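Architecture and fold: a report
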Amino acid sequence: SQKIEQNSEALNIQEGKTATLTCNYTNYSPAYLQWYRQDPGRGPVFLLLIRENEKEKRKERLKVTFDTTLKQSLFHITASQPADSATYLCALRDNAGNMLTFGGGTRLMVKP
Amino acid sequence: GAGVSQSPSNKVTEKGKDVELRCDPISGHTALYWYRQRLGQGLEFLIYFQGNSAPDKSGLPSDRFSAERTGESVSTLTIQRTQQEDSAVYLCASSLYFNNEQFFGPGTRLTVL
């Protein structure tokens, strides 16, 4: 069966360090993958999209990698700040053109 | 408006009652999506509208759930004979085209007593 998995345990890191979040998928032929940020009581906010033929995408302090051999995307926040504390969701669209499917999200806590 | 809006922000209802949740998408966005998010969980796709095409209802969990959209504007999600397991946050999103970047509303928190 198809699965998109993110670590359900919260990631706690110190301010200034790099946070790395993982999104693994099974039985998908991905067209692209998106990352969203969700704050408590709010809807998700789009951050980055990476296509299956792209290895890496950057936006300011954010970096996303996509390894279709490992079936994994990594989401990095460099020089993390307490304001980066939130839940981060990955979402995948497959080549069959089906709906975007979301992972369960990983909560990031950046401590000052 | 500037973003996707949803109403009400909170809804408490008794088991067995019907509820209607409203979504106002971003003007000009052709695609509109409804998701359900249970506490601490990811987003569960419910239904999708694209222009005047027939909606994709493949995610609706039961026939108690239905949704309508008027053209490319407002959408209403209706849950009939609510059950306690329907308690969740219901999120609406819109995008310029299908599966483009989705813009989410703040959600409606539904509590069924």
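In this report, we go over the structure that sits alongside the text. (Residues numbered from 1 in each chain as written. Chains lettered and ligands numbered in written order. Predicted model: local features only at pLDDT ≥ 70, side-chain atom pairs only at ≥ 80, totals over all residues. Heavy atoms only, no water.)

1. Concerning the layout of surface pockets
Considering only enclosed or pocket space, the largest pocket measures out at about 620 Å³ in volume. Lining of the largest pocket is provided by 31 residues; of these, A:Gln38, A:Pro40, A:Thr87, B:Gln37 and B:Gly40 occupy positions nearest its centre. Among the secondary structure elements, those contributing two or more residues to the lining of the largest pocket are strand 9 (86–94) and strand 11 (106–111) of chain A together with strand 8 (88–95) and strand 10 (108–112) of chain B. By residue class, the composition of the lining of the largest pocket is 10 nonpolar, 16 polar and five charged. (1 Å grid on protein atoms, 1.4 Å probe; cavity = no way out; pocket = protein on both sides within 12 Å on 5 of 7 lines; lining within 4 Å. Points joined across faces, edges and corners; volume = space filled by probe spheres on them. Helix = DSSP H or I, 4+ residues; strand = E, 2+ residues; numbered from the N terminus. Nonpolar A, V, L, I, M, F, W, Y, C, P; charged D, E, K, R; others polar.)

2. Side note on the pairing of strand 4 (residues 30–38) of chain A
Residue and element names in this part refer to chain A. Most of strand 4 is tucked away: nine of the nine residues are buried. With eight bridges joining them, strand 4 and strand 9 adopt antiparallel strand pairing. Paired with Trp-35 across the strands is Cys-90, a residue of strand 9. Adjacent in sequence and paired antiparallel, strand 4 and strand 5 (residues 45–51) are bridged by six residues, among which Gly-41 carries a positive phi angle near 75°. (Buried < 20%, exposed > 50% of the residue type's maximum accessible area, 1.4 Å probe, protein only. Pairing = 2+ DSSP bridges.)

3. What to know about the environment of B:Lys11
Residues and elements named next belong to chain B. Tracing the chain through its elements places Lys-11 in strand 2 (residues 10–13). A relative accessible area of 32% places Lys-11 in the partly exposed class. Lys-11 sits 47 residues away from Ser-58 along the chain, and the two C-alpha atoms are 25 Å apart. Beyond its immediate stretch of four places on either side in the chain, Lys-11 contacts Val-19, Thr-108, Arg-109, Leu-110 and Thr-111. (Contact = heavy atoms within 4.5 Å.)

4. Structural notes on the state of the cysteines
Residues and elements named next belong to chain A. Inspection of the entire model under this criterion finds two disulfides over all chains. The partner cysteine of Cys-23 in its disulfide is Cys-90, sulfur to sulfur 2.0 Å. On the S-S bond that ties Cys-23 to Cys-90, the torsion sits near 65°, and the link is right-handed. Of this pair, Cys-23 sits in strand 3 (residues 19–26) while Cys-90 sits in strand 9, placing them 67 residues apart in sequence. A residue is classified by how much of its surface remains accessible, and Cys-23, at 1% relative accessible area, is buried. (Disulfide = S-S within 2.5 Å.)

5. Here we look at the packing of aromatic side chains
Aromatic rings considered in pairs are described by the distance between their centres and by the relative angle of their planes. All names here are of chain A. Counted under the stated rule, the structure contains 12 aromatic pairs over all chains. On the numbers, 5.4 Å between centres and 50° between planes, the contact of Tyr-36 with Phe-102 is tilted. Residue Tyr-36 is found in strand 4, and its partner Phe-102 is found in strand 10 (residues 101–102); the two are separated by 66 residues along the sequence. Its relative accessible area of 8% is what places Phe-102 among the buried residues. (Phe/Tyr/Trp six-rings, centres within 6.5 Å; stacked < 30°, edge-to-face > 60°.)

6. Topic: the interface of chain B and chain A
Tallying the contact residues gives 18 residues for chain B and 18 residues for chain A. Both sides together, the interface formed by chain B and chain A hides about 1,300 Å², and carbon and sulfur atoms give 58% of it. On the chain B side of the interface with chain A, the three residues burying the most area are B:Leu43, B:Asn99 and B:Phe104, jointly 37% of the side's total. At the junction of chain B and chain A, the tally comes to zero salt bridges. Viewed at the interface, chain A and chain B are joined by two residue pairs in polar contact (both at pLDDT 80 or more). Secondary-structure elements contributing two or more residues to the side of chain B that touches chain A are strand 4 (31–37) and strand 5 (43–50) of chain B. Within the side of chain B that touches chain A, the residues separate by chemical class into nine nonpolar, seven polar and two charged. (Buried area = accessible area lost by both parts, 1.4 Å probe. Salt bridge = Lys/Arg side-chain N within 4 Å of Asp/Glu carboxyl O. Polar contact = N/O pair within 3.5 Å; in protein donor to acceptor, adjacent residues only side chain to side chain.)

Note that every value here comes from positions in space, so none of it alone points to a role or purpose.
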